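Listed here are the chains, written in short residue letters.
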Amino acid sequence: MTLYGNVLFTPRLRLRRVTYKDIPTLAAWSNCAIAHGKYLSPHPINEEAGYLQLESGLFWGEKSKTFVIEIKKGKSIGSIHYWLRSERKECAVVALKISVPGERNKGYGTEAQKYLIINLFERLKIDEIEMYTDINNIAQQRCLTKLGFELVDSLTYDDQKVTRLGSLFRIRRSQYQQSSIYQYYYE
Ligand SMILES: CC(C)(COP(=O)(O)OP(=O)(O)OC[C@H]1O[C@@H](n2cnc3c(N)ncnc32)[C@H](O)[C@@H]1OP(=O)(O)O)[C@@H](O)C(=O)NCCC(=O)NCCS
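Residues numbered from 1 in each chain as written. Predicted model: local features only at pLDDT ≥ 70, side-chain atom pairs only at ≥ 80, totals over all residues. Heavy atoms only, no water.

Chemist: Is there a simple way to think about the nonpolar core in this case?
Modeler: Where a protein is soluble and globular, its nonpolar side chains tend to be buried together. Within the largest apolar cluster, 43 residues are counted, with the highest numbers of intra-cluster contacts made by Ile80, Leu120, Ile129 and Phe149. Among the secondary structure elements, those contributing two or more residues to this core are strand 3 (13-17), helix 1 (23-30), strand 4 (64-71), strand 5 (75-84), strand 6 (91-98), helix 4 (108-123), strand 7 (128-134) and strand 9 (162-172). (Core = buried A, V, L, I, M, F, W, Y, C linked by side-chain atoms within 4.5 Å. Buried < 20%, exposed > 50% of the residue type's maximum accessible area, 1.4 Å probe, protein only. Helix = DSSP H or I, 4+ residues; strand = E, 2+ residues; numbered from the N terminus.)

Here's what the structure looks like:
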């Protein structure tokens, strides 16, 4: 499992760099409450803004990258994004959406996170990865538990003017090295 150029291959998915062809889909998802689920607020952009973001390098920089999650038939089902904290460069934060509701609960969310986490720990010299989630987002918390994260804090945060009660989860490099889920690449 390696980042070959702009693509990260997992057993069932391709995580790949955003291209021009993705912008209409990403813009449509950004305006759609269903694509965000109950625990994320839409962050609407129009296509023009999407193209500008692509051209300005917002989706693919040294300190942050956004991947389209694609099932192997070439169908885009969501996106996953990481960024290095500006105040703590050894810490990456990850966020994801399986935007097509019919593709949730098939293990794709866990799989996309697992292989991005492996890639981040193996490719970048980071010490820890953090993720935020709404306290009621049981599906994401189930993923994080399987992926060896621990709950480190509870906090309120503003999500597009909606105040949410959230949880901060973290996995450190030592926990990553000890967690059995990362030993078996092809599950
Ligand atoms: C949260 C999300 C990323 C999870 O991805 P996914 O592909 O659906 O997750 P997976 O199929 O890998 O795993 C989901 C797990 O949660 C469980 N689950 C799902 N809904 C559940 C519920 N209401 N109660 C209890 N468990 C639930 C599933 O059974 C599965 O666990 P299992 O593998 O032990 O059976 C996806 O649902 C999503 O994108 N939702 C909308 C956006 C969002 O909330 N993003 C996360 C922001 S932090």
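There is more to say after this.
Chemist: Hey, could you run me through the site of the ligand in this one?
Modeler: Around the ligand there are 21 residues in total, and Ile98, Gly109, Thr110, Arg142 and Lys146 lie nearest to it. Contact between the ligand and Thr110: an oxygen atom at 2.5 Å from a side-chain N or O atom of the residue. Coverage of the ligand by the protein amounts to 73% of the 950 Å² it exposes when considered alone. Those elements that provide at least two residues to the shell around the ligand are strand 6, helix 4, strand 7 and helix 5 (138-146). When residues in the shell around the ligand are grouped by element, the largest group, six residues, is from helix 5. For the shell around the ligand, a count of residues per class yields eight nonpolar, eight polar and five charged. (Near = heavy atom within 4 Å. Polar contact = N/O pair within 3.5 Å; in protein donor to acceptor, adjacent residues only side chain to side chain. Areas by Shrake-Rupley, 256 points an atom, 1.4 Å probe, with all protein chains shown as cover. Nonpolar A, V, L, I, M, F, W, Y, C, P; charged D, E, K, R; others polar.)

Chemist: Where do I start with the pairing of strand 7 in this structure?
Modeler: The side chains of a regular strand alternate, first on one face of the sheet and then on the other. Burial analysis of strand 7 places six of its seven residues in the buried class, which makes it a mostly covered element. By the bridge criterion, three bridges tie strand 6 to strand 7 in an arrangement that is parallel. The residue bridging Ala92 from the neighbouring strand is Ile129, located in strand 7. Direction of pairing for strand 7 relative to strand 9: antiparallel, over a ladder of seven bridges. Bridge pairing in strand 9 links Met131 to Phe169. (Pairing = 2+ DSSP bridges.)

Chemist: Teacher, can you tell me more about the side chain of Arg85 here?
Modeler: Turning to its location among the elements, Arg85 is positioned in the loop between strand 5 and strand 6. Classification of Arg85 by relative accessible area gives buried; the value is 12%. If we ignore the near neighbours within four places in the chain, the residues touching Arg85 are Cys91, Val93, Glu130 and Tyr132. (Contact = heavy atoms within 4.5 Å.)

Chemist: Even after reading the chapter, I still don't get the side chain of Arg16, so can you show me in this structure?
Modeler: Within the fold, Arg16 resides in strand 3. Looking at Arg16, the relative accessible area reads 11%, which means it is buried. Separated by 2.7 Å, the side chains of Arg16 and Glu70 make a polar contact. Beyond its immediate sequence surroundings of up to four residues, Arg16 is in contact with Asn6, Val7, Asp22, Thr66, Phe67, Val68, Glu70 and Ser76.

Chemist: How should I be thinking about the environment of Ile138 in this particular structure?
Modeler: On the secondary structure map, Ile138 appears in helix 5. Given a relative accessible area of 58%, Ile138 falls into the exposed group. When the C-alpha positions of Ile138 and Tyr39 are compared, they lie 9.9 Å apart, and in sequence the two are 99 residues distant.

Chemist: Where do I start with the pattern of salt bridges in this structure?
Modeler: Opposite charge on two side chains lets them pair, provided their charged atoms get close. Applying the stated criterion across every chain, the model contains 15 salt bridges. The salt bridge involving Glu70 is made with Arg14; its shortest N-O contact spans 2.8 Å. With Glu70 in strand 4 and Arg14 in strand 3, this pair connects stretches of sequence that are 56 residues apart. With a relative accessible area of 7%, Glu70 lands in the buried category. Arg172 is paired through a salt bridge with Glu128; the nearest N and O atoms lie 2.6 Å apart. Here Arg172 is found in strand 9, whereas its partner Glu128 is found in strand 7, with 44 residues between them in sequence. Judged by relative accessible area, which is 34%, Arg172 ranks as partly exposed. Glu128 sits in the buried class, given a relative accessible area of 7%. (Salt bridge = Lys/Arg side-chain N within 4 Å of Asp/Glu carboxyl O.)

Distances and angles like these do not, on their own, reveal function.
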